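# Coordinates in review
Each chain is listed here by its residues.
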Amino acid sequence: MIKFFNTLSGKKEIFKPIKEGNVSIYVCGMTVQNRPHLGHMRAYITADLIRRVFEHNGYTVKMIQNFTDIDDKIIERSREFGMDYRVFGEQYIKEYIDSAIKMNILQPYYYPRATQHINEIIDLVEKLIEKGYAYFVDGDVYYRTEMFKDYGKLSGKKIEDLRSGARIKINPKKKNPLDFALWKGAKEGEPYWYSPWGKGRPGWHIECSAMSMKYLGETFDIHAGGTDLIFPHHENEIAQSEAATGKTFANYWIHNEMLRIKGEKMSKSLSNFLAVSDILKEVSPNALRLYYYRTHFRSPLEYDENSLQEASNSFERIERFISKNTSGSGLDNELFDGLMRNLNDNFNSPKTLGLMFAAIKDANNGIREKSTTANTVKKVLEIIGFDLKEEKKNEISDKIIDGIVAIRDRMRAEKQFQYADMIRDELNKLNIEILDSKDGTKWKIK
RNA sequence: GGCGGCAUAGCCAAACGGUAAGGCGGCGGUCUGCAAAACCGCUAUUUAUCGGUUCGACUCCGGUUGCCGCCUCCA
């Protein structure tokens, strides 16, 4: 049984799939107008965790994650760089996928792109016009928000409240300031596609409706993304999709909270972001994943420089415990079930990690059996996306180092500490760390 | 101005009606030729604040203060 918080109801609910044993998930992907940053990665790690928990529970997961590769800002920024908007967006798509693979994120069933679904988008807009939910004005097509009686059901907003909000800019083409563009006529020099309304491009929101329904059906199980998308993006997706089909769009909505930096949301527009691919040069993918998992996805996560290092230290502790104690294949089933139960309950990764560390301490104290604990911890970590494969070793250089270490041990035995320490220092310069202990000397690459 | 969320030790962070997990850091210790690493122990009489409900509240209700998100492109 999996339960989690559904934004639509505002409550934790027990998940019931549309089709037994299957779950369809649409993850709102990036608008590729800038580099993928730590905030984006939080959303996709959250989605990856959710997907992995479902898979572990025996579900067949069909996950779709889009790239929105056409919008006003992409056009604007690609011009600034003097690049074709396609080439411009492509670099960020590549950067995202590279980082996702490094992060051991399971790849979605498909990564659809807005520009490859223009026909589906046009069909959807036409359907909305036919039904009277959309109107054409001077090259643009707008959605008539007041016609959709459930408008605001996801975000908890009321049309009257929104209207009084001082921040809505007046666009004279709109019949109501809350109406939003489904299709935008192209201005001189902008990219365009032919449509019944002339040359233009899709508005923001419509691409997600078109792509999710194409691959997952008119009603699907879960729609995920960041809280910043709840309004207007997801609200508008619901309005468009449900107006067009007369059916519920997504049964469950999962939103991750924002990553903050210095008390503000990390975002492209505030240009206070740290690119994921840069961070991955500093810390390992496992450490970064642990960093995210330490905080529940529904809580804001405040970034500071120390916290990544903390996560890294913390992960090393687990790693050491595992590499020292894993043996055989026996599991501690009670521990395993306890850890997984917390993941099935709103994907509570911090609680799971806490229990894991407590178990490690118990094992070190002899209260709990070491090898089954280590095997269990390792198994759970792998289920939730950590990559614990042994590093490939270079046999010859390993043997050389082993030989040098053996010579040093001999010198220590003969109390020639001066030379033994010299060897330790020299190896240290090569980033090889000597670990003396009762059970003999070990070494590792720092 | 409207809507929503959050406030737990030096820092990060669980628990959400049954008497405060865990991590990082710090301090003390075991081990060691020394050091490092590792491991162990200690580190919140108390959950922003005031009041209420209850046998019992970090957990529920109301007020106050502070912070954040959305209402404009955003994961």
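Look a little higher up for the structure.
In what follows, the accompanying structure is described. (Residues numbered from 1 in each chain as written. Chains lettered and ligands numbered in written order. Predicted model: local features only at pLDDT ≥ 70, side-chain atom pairs only at ≥ 80, totals over all residues. Heavy atoms only, no water.)

## Some remarks on the pattern of salt bridges
As enumerated under the stated definition, the model contains 29 salt bridges in all. Where K184 meets D72, a salt bridge forms, and the shortest distance between an N and an O atom there is 2.7 Å. Of this pair, K184 sits in strand β7 (residues 180–185) while D72 sits in helix α2 (residues 72–80), and the two are 112 residues apart along the sequence. Across the salt bridge formed by K173 and D138, the nearest N and O atoms sit 3.9 Å from each other. (Salt bridge = Lys/Arg side-chain N within 4 Å of Asp/Glu carboxyl O. Helix = DSSP H or I, 4+ residues; strand = E, 2+ residues; numbered from the N terminus.)

## Some details on the packing of helix α12 (residues 349–364) against helix α13 (residues 370–383)
Packing of α12 against α13 leaves a shortest axis separation of 9 Å and a crossing angle of 160 degrees. Judged by the angle between their axes, α12 and α13 are roughly antiparallel. When you trace α12 past α13, the crossing you get is left-handed. Between α12 and α13, the residues in contact are T352, M356, A359, I360, A363 and N364 and K370, T373, V377, V380 and L381, respectively. Grouping the amino acids of the contact of α12 with α13 by side-chain chemistry returns 7 nonpolar, 3 polar and 1 charged. (Axes fitted to C-alpha atoms, helices over the stretch in contact; angles between N-to-C directions. Parallel < 35°, antiparallel > 145°, perpendicular 65-115°, else oblique. Left-handed = near helix turned anticlockwise from the far one by under 90°. Contact = heavy atoms within 4.5 Å. Nonpolar A, V, L, I, M, F, W, Y, C, P; charged D, E, K, R; others polar.)

## Brief notes about the sheet that holds strand β4 (residues 60–65)
Spatially, 4 strands are ordered β4-β3-β9-β10 in an open sheet, and the strand pairing comes out parallel. Every interior strand has two partners, whereas the edge strands, β4 and β10 (250–256), have only one. Each strand axis lies, on average, 20 degrees off the axis of its neighbour in the sheet, ignoring direction. With 6 bridges joining them, strand β9 (residues 220–226) and β10 adopt parallel strand pairing. (Pairing = 2+ DSSP bridges.)

## Comments concerning the state of the cysteines
For the structure on display, the rule yields 0 disulfides. The closest cysteine sulfur to the non-disulfide-bonded C28 is located on C208, 3.8 Å from its own sulfur. (Disulfide = S-S within 2.5 Å.)

## Some remarks on the packing of aromatic side chains
For the structure shown, the criterion picks out 31 aromatic pairs. Here F88 and Y92 contribute two aromatic rings whose centre-to-centre distance is 5.2 Å and whose plane-to-plane angle is 90 degrees, an arrangement assigned as edge-to-face. Linking F88 with Y92, this pair stays in helix α3 (residues 85–102), spanning 4 residues, or about one helical turn. Per residue, the accessibility class of F88 equals that of Y92, and both read buried. Linked through ring pairs, F4, F15, F54, Y59, Y252, F297 and F347 together constitute an aromatic cluster. The positively charged end of K175 is found above the aromatic ring belonging to Y135, 4.4 Å away from the centroid. Just above the ring of F336 sits the side chain of K379; from NZ or CZ to the centre is 4.9 Å. (Phe/Tyr/Trp six-rings, centres within 6.5 Å; stacked < 30°, edge-to-face > 60°. Buried < 20%, exposed > 50% of the residue type's maximum accessible area, 1.4 Å probe, protein only. Lys NZ or Arg CZ within 6 Å of the ring centre and 35° of its normal.)

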